[in-house]
Amino acid sequence: MNFLEERIIKDGVVKPGNVLKVDSFLNHQIDIDLYQKMGQEFKERFKNENINKILTIEASGIGIACVAAQYFNVPVVFAKKSHSINLDGDMYVAEVESFTHKTKNQVIVSKKFLGPEDHVLIIDDFLANGCALQGLISIVQQAGGSVEGIGIAIEKGFQNGGQIIRNLGYHLESLAIVDAMDDETGEITFR
């Protein structure tokens, strides 16, 4: 069992509806030491890839991406879920559906921050059905860049997102893959 799986067993909470609550250390309150280990692990797993930019989606992926970016010495770009007055110029846009929030959002990245010269590592906190990743992949493709890898903190292996992304030929690395959860017993089974 790796460091993230151990932490999920210790502090994760299984809720009805295949929800894994990790807000005490990953995506509401943040354990910076854990993020450091995750960043180092992503660097190790993608050390042979030519990465010059990390892309994530707001909000929970930003912290993980920023810590990982320190190990790659590259900037982080994050896709915004809403248009605001400080967004200007041309944008790449993709529609994504959130498993957690049960909503569809357009995600937006300014064209000035992503282009054909970019070799991108996509980072996110969770992978369930793969919609957010497909949206981010679409944005990189719109920019003419290349997706060199995808790093996920927690993958729900019992949902089809990981299989979809791997079948598309992407180098996908998840630090913890949950194969089963039982909300009555709280038991979590890892791959």
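Basis of the calculations
Residues numbered from 1 in each chain as written. Predicted model: local features only at pLDDT ≥ 70, side-chain atom pairs only at ≥ 80, totals over all residues. Heavy atoms only, no water. Helix = DSSP H or I, 4+ residues; strand = E, 2+ residues; numbered from the N terminus. Rg over C-alpha atoms; globule rule 2.2 N^0.38 Å. Buried < 20%, exposed > 50% of the residue type's maximum accessible area, 1.4 Å probe, protein only. Contact = heavy atoms within 4.5 Å. Areas by Shrake-Rupley, 256 points an atom, 1.4 Å probe, with all protein chains shown as cover. Lys, Arg positive; Asp, Glu negative; His and termini not counted. Charge placed at Lys NZ, Arg CZ, Asp CG, Glu CD. Pairing = 2+ DSSP bridges. Salt bridge = Lys/Arg side-chain N within 4 Å of Asp/Glu carboxyl O. Core = buried A, V, L, I, M, F, W, Y, C linked by side-chain atoms within 4.5 Å. Axes fitted to C-alpha atoms, helices over the stretch in contact; angles between N-to-C directions. Parallel < 35°, antiparallel > 145°, perpendicular 65-115°, else oblique. Left-handed = near helix turned anticlockwise from the far one by under 90°. Nonpolar A, V, L, I, M, F, W, Y, C, P; charged D, E, K, R; others polar.

Along the chain, the regular secondary structure elements total five helices and ten strands. Whereas a compact globule of 191 residues would reach a radius of gyration of roughly 16 Å, the chain reaches 16 Å, a difference of no more than 12%. Taken across its 191 residues, the chain has 46% of its residues classed as buried. Here the analysis covers contacts within the chain between residues at least 6 apart in sequence; of these, 61% occur between residues at least 24 apart. Of the roughly 9300 Å² of accessible surface on the chain, a fraction of 46% belongs to carbon and sulfur atoms. On the chain, the mean spot of the 18 positive side-chain charges and the mean spot of the 26 negative ones are 3 Å from each other.

On to the pairing of strand β4 (residues 76-79), then. Residue alternation in β4 divides its side chains into a buried set, V77 and A79, and an unburied set, V76 and F78. The sheet contact formed by strand β3 (residues 53-57) and β4 spans four bridges and is parallel. Directly across from T56, in β4, lies its bridge partner F78.

This part takes up the pattern of salt bridges. The tally for this structure, following the rule as stated, stands at ten salt bridges. R7 is the partner of D31 in a salt bridge, and the nearest nitrogen-oxygen pair spans 2.4 Å. Of the two residues, D31 is situated in the loop between β2 (19-21) and α2 (32-45) and R7 in helix α1 (residues 3-11); the sequence distance between them amounts to 24 residues. Relative accessible area serves as the criterion here: at 19%, R7 is assigned to the buried category. For R45, the salt bridge goes to E41, with nearest N and O atoms at 2.8 Å. Linking R45 with E41, this pair stays in helix α2, spanning four residues, or about one helical turn. Look at R45 and you get partly exposed, because its relative accessible area is 25%.

If you look at soluble globular proteins, the nonpolar side chains tend to sit buried side by side. Counting residues in hydrophobic clusters, the biggest one holds 31 residues, and the most contacted among them are L4, I8, L20, L26, I54 and I154. For this core, the elements supplying multiple residues, two or more each, are α1, α2, α3 (60-72), β7 (119-127), β8 (146-156), β9 (172-181) and β10 (188-190). Of all the elements, α3 adds the most residues to this core, at six residues. Discounting residues that sit within four places of it in the chain, I8 has contacts with L20, F25, I154, A176, I188 and F190.

The subject of this paragraph is the packing of α2 against α3. Relative orientation of the contacting elements α2 and α3 amounts to 60°, with a least axis distance of 8 Å. Taken together, the axes of α2 and α3 are oblique relative to one another. Along this stretch, α2 crosses α3, giving a crossing that reads as right-handed. Here Y35, Q36, M38, G39, Q40, F42 and K43 of α2 lie close against α3, whose contacting residues are S60, G63, I64, V67, A68, Q70, Y71 and F72. Tallied by class, the residues present in the contact of α2 with α3 amount to eight nonpolar, six polar and one charged.

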